[in-house]
Amino acid sequence: SGDVVDCTAPISLAATAIMLYCYFALKPRRLLDRMIASMATADMGYAAVCLGNPMNHPQSVACKAQAFFVSYFSLSSIFWSTVVAGLTKAVLDHAILVRRLQVNGFQIYIRAFVVCQGVPAILAVIPFFTDGYGVEDRYDAWCWIKANNFVNLTLRFLTGHVWIFLAVLYNSYTIAEVFRRSRTVFQGQEEGQEALLRTFQRARYFPLALVVAHSFNMCNRIYEAIDKDPVWWLEALAFGFASLMGFFNALALAYLIRPRLIRAVNRDDCLVDLKESLRVSEDGESSGSHALPLRPSGGGSIGGLRPSGGRSIGGIGGGSIGGTSYLRESSFHRLE
């Protein structure tokens, strides 16, 4: 299991780094974006601590530190995933919440942050009081709560397994409801509200990421409760998929921000084409001319810009001579 985690955890680490880069690179940053960035931070921390291997010293500070952060980051990621799932379902069920999110989005995020970071921290501290952190057997892929007595077994269940079970069940229910509501939620909505609703509708794969990542983990724990003998392939799938949580969330993020990326690429291509057209026109004009041809009359436009008839768009001055639209050279420098 440890070898599997060593292969899968770096994938999640790289994927969550890309998620955080997208958060800082793309604007505006909305409530959903902040929640996803917080979830990505938890997934990154979880993947990072899983790469350590202090199991040869089960009572060392490094082993106890890894056990604490495994509990903390895994629970934080699970909490953020369920919050995103619940918010997505609530918005699609009650479209009127869109206006509240637009006004009070930051306050809602702060409340969610306190719950999703505070509760996991409290739960992760509890095993220190029972000397529960360490490693009990060599089948574990990392240090966590030992299974050497009834108290620690109870802690493993209350501070770990039960939250995974509840999150998988709740997110599965949410996925079904969101897909059902997605067909009719946009009817009769204003343009601004419809755009935000479509964003939440595209976020429906974040709950699915948790279900995929922890389903094998849940099955493995149920099997261990029935039969004490571990099955190596089931444990490998459980640990491997659990450490890929960040990767699955990155796939969900790619689907979510795809329209924003397309708009950004098209906008950049528009400016590149416009500048290239201006440079070509400047090279071909006579030395006495100060007008840069842009578009013949009756022809198309570049990136939707139509600066003809003496009007200016976006601060670009121009006019038309002989049916040919042009931009002044002084106006071109405003694009730089």
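K.L.:
An account of the overall build of the chain is needed here, citing residue identities and associated values.
P.N.:
Broken down by element type, the chain carries 10 helices and five strands. Residue burial in the chain is summarised as follows: out of 336 residues, 47% are buried. For the chain, contacts bridging at least 24 residues in sequence account for 71% of all contacts bridging at least 6.

K.L.:
Which residues make up the state of the cysteines, and what values go with them?
P.N.:
Evaluation of the coordinates by the stated rule reveals one disulfide. Paired through a disulfide, C63 and C143 show a sulfur-sulfur distance of 2.1 Å. Taking the torsion about the sulfur-sulfur bond, which here is approximately -115°, the covalent link between C63 and C143 counts as left-handed. With C63 in helix α3 (residues 61-93) and C143 in the loop between β1 (133-134) and β2 (144-145), the pair connects residues that are 80 residues apart, well separated along the chain. We note that C63, like C143, is buried.

K.L.:
Can you lay out the pattern of salt bridges for me, pointing to particular residues and giving the numbers?
P.N.:
Tallying each qualifying case throughout the model produces two salt bridges. We note a salt bridge from D33 to R30, for which the minimum N-O separation is 3.3 Å. Here D33 falls in the buried class, since its relative accessible area comes to 9%.

K.L.:
Just give me the short version of a nonpolar patch on the surface, but keep the residues and values in it.
P.N.:
On the surface, F106, I110, F113 and V114 cluster together into a nonpolar patch covering about 370 Å² of accessible area. Note that I110 resides in helix α4 (residues 97-125). Taking the relative accessible area as the measure of exposure, I110 reaches 38% and is therefore partly exposed.

K.L.:
Now, about α3: what can you tell me, with residues and values included?
P.N.:
Compared with an ideal rise of 1.5 Å per residue, which puts 33 residues at 48 Å, α3 spans 48 Å between its outermost C-alpha atoms and is within 8% of the ideal. Counting buried positions over the 33 residues of α3 gives 25, a clear majority of the element.

K.L.:
Go over the side chain of H161 with me, naming the residues and quoting the values.
P.N.:
For H161, the position within the fold is in helix α5 (residues 150-181). Residue H161 is classed as buried on the basis of its relative accessible area of 12%. Residue contacts for H161: discarding those within four places in its chain leaves W144, R156 and R221.

K.L.:
Can you tell me about the packing of aromatic side chains, naming the residues and giving the values?
P.N.:
Inspection of the entire model under this criterion finds 15 aromatic pairs. Plain terms: the ring middles of F68 and F69 are 5.1 Å apart, the flat faces sit at 75° to each other, and that makes the pair edge-to-face. Owing to a relative accessible area of 18%, F68 belongs among the buried residues under this scheme. Arranged with centres 5.1 Å apart and planes meeting at 50°, the rings of F79 and W163 form a pair that is tilted. Here the residue F79 occupies a position in helix α3, and W163 occupies one in helix α5, the gap between them amounting to 84 residues. Feature note: the residues F68, F69, Y72, F73, F128 and Y133 constitute an aromatic cluster, connected by ring pairs.

K.L.:
Before we move on, can you summarise α5 with the specific residues and values?
P.N.:
A rise of 1.5 Å per residue sets the reference length of α5, with its 32 residues, at 46 Å; its end C-alpha atoms lie 44 Å apart and thus fit the reference within 8%. At H161, α5 is bent by approximately 40°, the largest bend along its length. Its side-chain oxygen at 3.2 Å from the backbone nitrogen of V151, N149 defines the N-terminal cap of α5.

K.L.:
Outline the side chain of S81, supporting the account with residue identities and numerical values.
P.N.:
By secondary structure assignment, the location of S81 is in helix α3. Judged by its relative accessible area of 0%, S81 falls in the buried class. Non-local contacts of S81, meaning those with residues more than four positions away in its chain, are made with M39, N171, F206, P207, L210 and M245.

K.L.:
Give me the environment of D131: which residues, what numbers.
P.N.:
Relative to the helices and strands, D131 resides in the loop between α4 and β1. Under the relative-accessibility criterion, D131 is labelled partly exposed at 41%. Along the backbone, D131 and I145 are 14 residues apart, and their C-alpha atoms lie at a distance of 8.8 Å.

K.L.:
Please give an account of the nonpolar core that cites residues and values.
P.N.:
Membership of the largest hydrophobic core comes to 31 residues, with the highest contact counts inside it found for M35, F206, L253 and L256. Top contributing element to this core by residue count: helix α2 (residues 31-50), with seven residues. Other than its neighbours up to four places away in sequence, M35 contacts W80, V83, V84, L87, I108, Y109 and A112.

Rules used in this analysis
- Residues numbered from 1 in each chain as written.
- Predicted model: local features only at pLDDT ≥ 70, side-chain atom pairs only at ≥ 80, totals over all residues.
- Heavy atoms only, no water.
- Helix = DSSP H or I, 4+ residues; strand = E, 2+ residues; numbered from the N terminus.
- Buried < 20%, exposed > 50% of the residue type's maximum accessible area, 1.4 Å probe, protein only.
- Contact = heavy atoms within 4.5 Å.
- Disulfide = S-S within 2.5 Å.
- Salt bridge = Lys/Arg side-chain N within 4 Å of Asp/Glu carboxyl O.
- Patch = residues over 30% accessible without salt bridge, like charges linked within 9 Å, V, L, I, M, F, W, Y side chains within 5 Å.
- Areas by Shrake-Rupley, 256 points an atom, 1.4 Å probe, with all protein chains shown as cover.
- Expected span 1.5 Å × (residues − 1).
- Phe/Tyr/Trp six-rings, centres within 6.5 Å; stacked < 30°, edge-to-face > 60°.
- Bend = angle between axes of the 7 residues up to and from the residue.
- Polar contact = N/O pair within 3.5 Å; in protein donor to acceptor, adjacent residues only side chain to side chain.
- Core = buried A, V, L, I, M, F, W, Y, C linked by side-chain atoms within 4.5 Å.

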